[in-house]
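# A look at the structure
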Amino acid sequence: MAGITLKEVTKIYPGGVRAVDGFELEIADREFVVLVGPSGCGKSTVLRMIAGLEDITGGQIHIGDTLVNSMAPKERNIAMVFQSYALYPHMTVYKNMAFALKMRGVKKAERDARVRETAEMLDITRLLARKPRALSGGESQRVALGRAMVRHPDVFLLDEPLSNLDAKLRADMRAEIVKLHKKLETTFIYVTHDQTEAMTMGDRIVIMNAGHILQVDSPKDIYDYPVDTFVAGFIGSPRMNFAEGVIEKDVGGIFAALGSNGEHRLALEGVNATAETLTGLVGRRVTLGLRPEHMRVVSGHAPGAGFSGGFADIVEVLGAETNIYADLPGGLRFIVREWGDEPVRRGQALDLAVQTEKLHIFDIETGAAVTGRIGGGAR
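Residues numbered from 1 in each chain as written. Predicted model: local features only at pLDDT ≥ 70, side-chain atom pairs only at ≥ 80, totals over all residues. Heavy atoms only, no water.

### What about the layout of surface pockets?
Put simply, the test is: A pocket, in this scheme, is an open set of points on a 1 Å grid over the protein atoms alone with protein on both sides within 12 Å along at least 5 of 7 lines, while a cavity is a set where a 1.4 Å probe fits but cannot get out; residues line either one if an atom lies within 4 Å of a point. Grid points are joined across faces, edges and corners, and a volume is the space filled by probe spheres set on the points. Runs of H or I in DSSP of at least four residues are treated as helices and runs of E of at least two as strands, each being numbered from the N terminus. Amino acids outside the nonpolar list (Ala, Val, Leu, Ile, Met, Phe, Trp, Tyr, Cys, Pro) and the charged list (Asp, Glu, Lys, Arg) are all regarded as polar, and Gly is one of them.
Here the largest pocket is characterised by a volume of approximately 500 Å³. Around the largest pocket, the lining comprises 19 residues; the ones closest to its centre are I78, M80, F82, A100 and R151. Counting only elements with at least two residues in the lining of the largest pocket, the list comes to β6 (78-81), α2 (93-103) and α4 (137-149). For the lining of the largest pocket, the element with the highest residue contribution is α2, accounting for four residues. Classifying every residue of the lining of the largest pocket gives 14 nonpolar, one polar and four charged.

### Topic: the packing of α4 against helix α5 (residues 167-184)
Cut-off, in case you're wondering: Helix axes are fitted only over the stretch in contact, all axes being lines through C-alpha atoms; the angle between N-to-C directions runs from 0 to 180 degrees. We call two directions roughly parallel when the angle between them is under 35 degrees, roughly antiparallel when it is over 145, roughly perpendicular when it lies between 65 and 115, and oblique otherwise. Two helices that cross are described as forming a left-handed crossing if the nearer one is turned anticlockwise from the farther one by less than a right angle, and a right-handed crossing if clockwise. Contact criterion: two residues are considered in contact whenever any of their non-hydrogen atoms come within 4.5 Å of each other.
Across the interface, α4 lies against α5 with an axial gap of 11 Å and an inter-helix angle of 20°. Looking at the two axes, α4 sits roughly parallel to α5. Both α4 and α5 take part in a crossing whose hand is right-handed. Along the contact surface, α4 presents G137, G138, Q141, R142, L145 and M149, while α5 presents L169, M173, E176, I177, L180 and L184. Here the contact of α4 with α5 is composed, by residue class, of seven nonpolar, three polar and two charged.

### Notes on the nonpolar core
Note the cut-off: Throughout this description, the term nonpolar core refers to a set of buried Ala, Val, Leu, Ile, Met, Phe, Trp, Tyr and Cys residues connected via side-chain atoms within 4.5 Å. Buried residues are those whose accessible area, probed at 1.4 Å on protein chains only, stays under 20% of the maximum for their type, while exposed residues exceed 50% and partly exposed ones sit between those limits.
Among the nonpolar cores identified, the biggest contains 43 residues, and M97, L145, I177 and Y190 are the most heavily contacted of them. The element best represented in this core is α4, accounting for five residues. V33, I63, V191 and V206 belong to the second largest nonpolar core, which has 30 residues in total.

### Here's the deal with empty space enclosed by the protein
Under the counting rule described, the total for this entry stands at one cavity of 30 Å³ or more. Volume-wise, the largest cavity comes out at about 50 Å³. Forming the walls of the largest cavity are N241, A243, L258, L266, L288, G289, L290, F307, F334 and L359. Take the lining of the largest cavity: its biggest share by element is three residues, from strand β14 (residues 285-290). Here the residues of the lining of the largest cavity are counted per class, giving eight nonpolar, two polar and no charged.

### Here we look at the packing of aromatic side chains
We count it as follows: Put simply, two rings from Phe, Tyr or Trp (the six-membered ring, in Trp's case) pair if the centres are within 6.5 Å, and we call them stacked under 30 degrees between planes, edge-to-face over 60, tilted for the rest. The criterion is that NZ of a Lys, or CZ of an Arg, lies within 6 Å of the ring centre and within 35 degrees of the ring normal, and then a charge sits over that ring.
Enumeration according to the criterion identifies seven aromatic pairs in this entry. A centroid spacing of 6.1 Å and a plane angle of 65° characterise the contact between F242 and F362, whose relative ring orientation is edge-to-face. Placement of the pair is F242 in strand β11 (residues 241-250) and F362 in strand β20 (residues 360-363), with a sequence separation of 120 residues. Judged by relative accessible area, which is 25%, F242 ranks as partly exposed. Taking the relative accessible area as the measure of exposure, F362 reaches 0% and is therefore buried. Taken together, F32, F156, F188 and Y190 form an aromatic cluster joined through their ring pairs. If you follow R147 out to its NZ or CZ, it ends over the ring of Y88, 6.0 Å from the centre. Stacked on the ring of Y223, the Lys or Arg R291 has its end atom at 3.9 Å from the ring centre.

### Quick look at the sheet that holds strand β8 (residues 187-192)
This is how the line gets drawn: DSSP calls a pair of strands paired once it identifies at least 2 bridges connecting them.
Reading across the sheet, the six strands line up as β6-β7-β8-β3-β9-β10 and stay open at both edges, with mixed pairing between neighbours. The sheet terminates laterally at β6 and β10 (212-217), the two strands that pair on one side only. Adjacent strand axes in the sheet meet at a mean angle of 15° when their direction is disregarded. As paired strands, strand β3 (residues 32-36) and strand β9 (residues 204-209) are joined by four bridges and run parallel to one another. Along β9, the bridge assignment pairs L35 with V206. Where α4 meets the sheet, its contacts fall on β6 and β7 (155-159), and the angle it forms with β6 comes to roughly 170°. Running over the sheet, α5 touches β3, β7 and β8 and is turned about 160° from β8.

### Some thoughts on the domain arrangement of the chain
How big an interface is tends to be expressed through the accessible area that disappears when the partners come together. The line we're drawing: Residue ranges labeled as domains rest on an automatic or database domain assignment. By convention, the term buried area covers the 1.4 Å-probe accessible surface removed from two parts as they join, with the contributions of both added.
In terms of domains, the chain is made up of domain 1 (4-234) and domain 2 (241-363). A straight line from the C-alpha centre of domain 1 to that of domain 2 covers 40 Å. Counting residues at the interface gives eight residues for domain 1 and seven residues for domain 2. Approximately 660 Å² of surface area, both sides summed, lies buried where domain 1 meets domain 2, with 58% of it carried by carbon and sulfur atoms. In terms of surface lost to domain 2, no three residues of domain 1 exceed Y223, T229 and A232, which account for 64% of the buried area on that side. For the side of domain 1 that touches domain 2, the secondary-structure elements that each account for two or more residues are α7 (219-224) and α8 (229-234). The element best represented in the side of domain 1 that touches domain 2 is α8, accounting for three residues. Class assignment of the residues belonging to the side of domain 1 that touches domain 2 gives a composition of four nonpolar, two polar and two charged.

Set out below in structure tokens:
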């Protein structure tokens, strides 16, 4: 078993394209780390450099105590599971799982023991005599995992392994992979663009964009304390609401004036920031962020505690929850997540109450968070 250390790892493709730039990360032995970000952010390139499938342009990669920059993939004792499964179509499941062991010179009796032990663990013993064309998507994914497991690798690398599965099967396989990680007690690095996978599977999440790490944290802290507007908007579904406003102060305290003419005054009492920080923001234009579940529809509200004069433009009933797209005077538009059976109808007039202790304030120019637990886990 082994941890992984990446120091200032960079990948520059011909033409000067920087796919990964100064990537630094320490992954502990037996940790489950998820790399997540939009398409083209460099997450799969990082995985392929760890595997040795991509040469690095600069920096160092250590697996355990060993510098592996110049080591061939087969010398790194890692296993990689791809989105495409990459099973040999002419071989049975048994032979697919045993092939890598055979190439390494593992004796037949040990090969057989490893394949059957792994097949039992993954509940695919009944499939050993089948060929890939006779497998469902979920079965093919289990076989791909099994083929990696029989090698007893130090590290598992998983690149979008569930993206070809339907929604229900993806949910089932997420749970199975988490269980598998606990059973194997091996380091897992998992790449996905799906925030649900990231939030439900990883011990830590690495948020990437344009080849850079933006934040490394636990799923809960990523959600509660995003370091900037990109992370705040990327994690969460529906996405965080953003609105521009000016921080002002009067005899009643400090508030945010929002809307095209400043017609909404949102009191900032209870915001997760020091009085000194809020005072320093007075007179500045900022971006405010609120997650949909931190707002609610009310019939009338106390001035300063929310927004009034809105109406429901779109209502999405999703069973136990309802997403309401609310339009308000001054050009404001918010998504509100409601639970319960009390219906909100399209076109209905509404007011919104706000949990100000959950409000995020961001610098309008840099996007950096100025409220909350700043810098925890971020680069």
